[in-house]
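Residue-level structural notes
Each chain, letter by letter, is given below.
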Amino acid sequence: MSALRKLYAVACCLLALFVAPAMAQPQGRLVVSTLQSTSFAGSKIGISPVRNLTVYLPPRYAEPGKRFFVLYFLNYFFEDHREPFASHGAKALLDKAMAVGVIGDVIVVTADFTTPAGSSWYVNSPATGNWEDFMVRELVPHIDATYRTLATRDSRGIAGDGPGAYGAIRFGMRHPEIFGAVYGMQPVASGPNIQPTHSRPNFERMARATSLDDLRDDGFSLIFTSIYQAFSPNPNRPPLFFDPPARRVDGRIVVDSDRTASFKQGFALTALLPAYADNLKSLRGFKFDWGRQDTLVDHVYGAQAFSNLLAEYGVPHEAEEHGGGFRDRHWGEQGRFYTDVLPFFARHLLFGPPATPTERVNAAHAKLRQAMLANDADARAMLYRADARSMPEYQPVLIGTRQIAAYHRAMRGRRRVTSYVPVASEVLELDDTLVEIGTFTIRWSDRTDEERGKYAHVWGVERDGSLRLKADTWGYFRPLADPAGFFTAIPEPSSSPIPLAAGDRSVGEFLRAHNDRDAEAVRTKDVEAKLVDYTDDAVFMPFAETPKRGMVEIRPYLTAYTAAGSGATFRDVRVWTLAFENHGAWVIEYPKFRVEWTAGGQSGTVKGGGIRLWQRQPDGSLKLHRQIGTHDYVVPAR
């Protein structure tokens, strides 16, 4: 080839580099499907049990074996599962976000949460159906079973728009065991109003309506119908199925104070916050935003009030007031979904297997929760080591998976667990052991009220890195009305002395000496003798009470508790150690106690146990750092 032809060939190659089309951007795909639900059988407004879903699968979903974190997105009024992709270009935004590294590979799920009046508000209602149950008991498990998800709260986020933002925050409040991070785009109903809510709808038209169609041309009346159907429902009041909190009489509005109070208590996020602040504190991330130019100033005022109250309760969060109006800066490459929402979840959610102790415990507890909600006693027992100790409230200690399974089979025959929300407050790493302490909310099939309580889990690290329970205990914030219902006759283990290894003898001797002093302090009602055992930042979780944190709360509690028993005589007091684990800087003790008492001509026996976590002090001594106590049910003498 001549030099001229070679030069021409090189020039053509160089030119091709500049004019060749850019490589195509990797494309995700949308999967549209349905889910047959059981949550709407009681709906009075005709909600179909067949719910429509759209799932965005990222470009790399085709890679075998790879698992992905999940983002659930809740829509605005009257927007179904298709809307983010059909009207807002969400698929193109997600494709680009992953291509340029705004966020890692993510599955995005939208579902149809609409009602004929606009929105379900994501709550259970006898008028519209059980939308909260649909989300947490059906949709999330369905997605985890159908797609290759990272099925843990640390890899699962939820976001929403308007009423969807309200729903996202509400799910974060009530279900932090499912959603690890929350973002609300311009939430409505976040806080108190400037304009009274009863001034918005037309109560005369509502009273005259023969069907929902009579309100179709009145936006506020239609939207407030959806609100009242969710938060003031009356399934026996057709055609709108709610109790109005106000009515118009002789040209003026007359407000029903009781109905309004009930409505407000369950609706505004500021009203819900006191009960769920600790749940929000457990989130990996929490943010919401709003537009300063929103013409409905109640949205601005409510969001500011909600942020201020979150700060009052010590809830970590991000709250941003931007320069836009209502929903005018949400979509497009300059919209907040792309510039703020996706980067937020990129920062706060876990994109791989659990790594930190807290993440590993969250994943293990998620399996325990799944077994509880399935009411599968054998699956639950498999999460324990063969020699584990379990100490439920009212039940003497259970040893080994056989006894643990037998106990939960007996409980399953009496009541089913229908809801369980654990919130870990701390996870302590003790070499090959992780100690998880937290609170929980539980509901059973045989009662309507929720119960709240506290728990301690001692997780052992297996050879493969997985976690199994070495011990657990839990109790409630108040005495339960039917303690016998939480007891089943299983032989108690022997309380014979523990054979100690040489390195453990000093710890065993210390615990025996302490237990003797503890028994004497109970017998003599010596509060100060008990108080010297605790670290200054100890947490004491007594029977039928909320946790007491630090000496500022422990001292007055033990003082009042002792004073309440001043008229009793304790004939026999025994405190002993069933077993303990020596972790050097920490000691985990499994204590038991038995007290025989007389008072006012009556007598009885109190028994119980729990878990104590002792912390080694700089001088080598041990002090109580965490303690949770339970009482056994004592079978009445015949």
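Analysis parameters
- Residues numbered from 1 in each chain as written.
- Predicted model: local features only at pLDDT ≥ 70, side-chain atom pairs only at ≥ 80, totals over all residues.
- Heavy atoms only, no water.
- Patch = residues over 30% accessible without salt bridge, like charges linked within 9 Å, V, L, I, M, F, W, Y side chains within 5 Å.
- Areas by Shrake-Rupley, 256 points an atom, 1.4 Å probe, with all protein chains shown as cover.
- Salt bridge = Lys/Arg side-chain N within 4 Å of Asp/Glu carboxyl O.
- Helix = DSSP H or I, 4+ residues; strand = E, 2+ residues; numbered from the N terminus.
- Core = buried A, V, L, I, M, F, W, Y, C linked by side-chain atoms within 4.5 Å.
- Buried < 20%, exposed > 50% of the residue type's maximum accessible area, 1.4 Å probe, protein only.
- Contact = heavy atoms within 4.5 Å.
- 1 Å grid on protein atoms, 1.4 Å probe; cavity = no way out; pocket = protein on both sides within 12 Å on 5 of 7 lines; lining within 4 Å.
- Points joined across faces, edges and corners; volume = space filled by probe spheres on them.

1. Remarks on a nonpolar patch on the surface
Taken together, Ile194, Val297 and Tyr301 make up a surface patch of nonpolar side chains, about 290 Å² in accessible area. Inspection of the secondary structure assignment puts Val297 in helix α10 (residues 297-312).

2. Thoughts on the nonpolar core
Ranked by internal contacts, the top residues of the largest apolar core, which has 75 residues, are Tyr72, Trp121, Met135, Leu139 and Phe286. Looking at this core element by element, the count peaks at seven residues for helix α4 (residues 131-146). The residues touching Met135, leaving out its near neighbours within four places in the chain, are Tyr72, Leu74, Phe113, Val140, Pro141, Ile158, Phe171 and Phe179. With 29 residues, the next largest nonpolar core counts Ala405, Ile442, Leu469 and Ile490 among its residues.

3. Overview of unusual backbone geometry
Pro239 follows Pro238 through a cis peptide bond whose omega is 5 degrees. The topology assignment puts Pro239 in the loop between α7 (219-231) and β9 (246-249). One non-glycine residue, Asp250, adopts positive backbone phi at about 50 degrees. Positionally, Asp250 belongs in the loop between β9 and β10 (252-255).

4. Observations regarding empty space enclosed by the protein
Under the definition given, this model contains six cavities of 30 Å³ or more. Quantified by volume, the largest cavity comes out at close to 370 Å³. Lining the largest cavity are 25 residues; nearest its centre among them are Met372, Arg380, His408, Val417 and Trp474. For the lining of the largest cavity, the elements supplying multiple residues, two or more each, are α12 (357-373), α13 (377-381), α14 (400-414), β15 (417-430), β16 (433-444), β17 (451-461) and β18 (467-476). When residues of the lining of the largest cavity are assigned to their parent elements, the largest contribution, four residues, is made by α14.

Functional significance is not addressed by these values, which are geometric in nature.
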